[in-house]
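Chains, contacts and geometry: an overview
Residue-level listing of the chains:
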Amino acid sequence: MALGFGHKPTGKPGEWFYCIKHAKVEEGPDCPAKDRLGPYTTREEAAHALETAAERNREWQTDPRWSDTEGPADEQV
């Protein structure tokens, strides 16, 4: 038996998610977690999930803690 198949989606009613498969906001555990962003506390926050994810990605891409290049703190003495 394959693991992970046939399980109900996780989440709670009253939590909001953005389903990337269906491109819509959903309340509670409608779709599998692999297809959702969230949970968010409001429908409005879930509606902006893609923008929030893009903004966080930009922040992480410019965060020096995630850089592969060596800087002054990384140099070996």
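Residues numbered from 1 in each chain as written. Predicted model: local features only at pLDDT ≥ 70, side-chain atom pairs only at ≥ 80, totals over all residues. Heavy atoms only, no water.

1. Section: the overall build of the chain
Within the chain one finds 2 helices and 3 strands. Counting from the amino terminus, the chain carries its helices and strands in the arrangement β-β-β-α-α. Counting only residues that meet the buried cut, the chain has 19% of its 77 residues in that class. Residue pairs in contact within the chain that sit at least 24 positions apart in sequence constitute 22% of those at least 6 positions apart. Per element, the accessible surface of the chain, about 6500 Å² overall, is 55% carbon and sulfur. (Helix = DSSP H or I, 4+ residues; strand = E, 2+ residues; numbered from the N terminus. Buried < 20%, exposed > 50% of the residue type's maximum accessible area, 1.4 Å probe, protein only. Contact = heavy atoms within 4.5 Å. Areas by Shrake-Rupley, 256 points an atom, 1.4 Å probe, with all protein chains shown as cover.)

2. A word on the side chain of aspartate 35
Assignment of secondary structure puts aspartate 35 in the loop between strand S2 (24–27) and strand S3 (36–40). A polar contact of 3.4 Å, which involves the side chain of aspartate 35, links it to the side chain of lysine 34. (Polar contact = N/O pair within 3.5 Å; in protein donor to acceptor, adjacent residues only side chain to side chain.)

3. Considerations on the packing of aromatic side chains
If you walk through the whole model with that rule in mind, you get 0 aromatic pairs. Lying over the aromatic face of phenylalanine 17, arginine 36 brings its terminal NZ or CZ to 4.1 Å of the ring centre. (Phe/Tyr/Trp six-rings, centres within 6.5 Å; stacked < 30°, edge-to-face > 60°. Lys NZ or Arg CZ within 6 Å of the ring centre and 35° of its normal.)

4. A closer look at the sheet that holds S2
The 3 strands lie next to each other as S2-S1-S3, forming an open sheet whose pairing is antiparallel. On the outer flanks of this sheet lie S2 and S3, each paired with one strand and no other. Between one strand and the next, the sheet's axes are offset by a mean angle of 25 degrees, whatever the strand orientation. Where strand S1 (residues 16–19) and S2 come together, 4 bridges link them in antiparallel fashion. When the bridges of S2 are listed, cysteine 19 appears paired with lysine 24. (Pairing = 2+ DSSP bridges. Axes fitted to C-alpha atoms, helices over the stretch in contact; angles between N-to-C directions.)

5. A look at the nonpolar core
Membership of the largest hydrophobic core is limited to 6 residues, which are Trp16, Tyr18, Val25, Tyr40, Ala46 and Ala49. Every residue in contact with tyrosine 40, bar those within four places of it in the chain, is listed here: Glu15, Trp16, Glu45, Ala46 and Ala49. (Core = buried A, V, L, I, M, F, W, Y, C linked by side-chain atoms within 4.5 Å.)

6. So, the pattern of salt bridges
For the structure on display, the rule yields 2 salt bridges. For arginine 65, the salt bridge identified is with aspartate 63, shortest N-O distance 2.7 Å. (Salt bridge = Lys/Arg side-chain N within 4 Å of Asp/Glu carboxyl O.)

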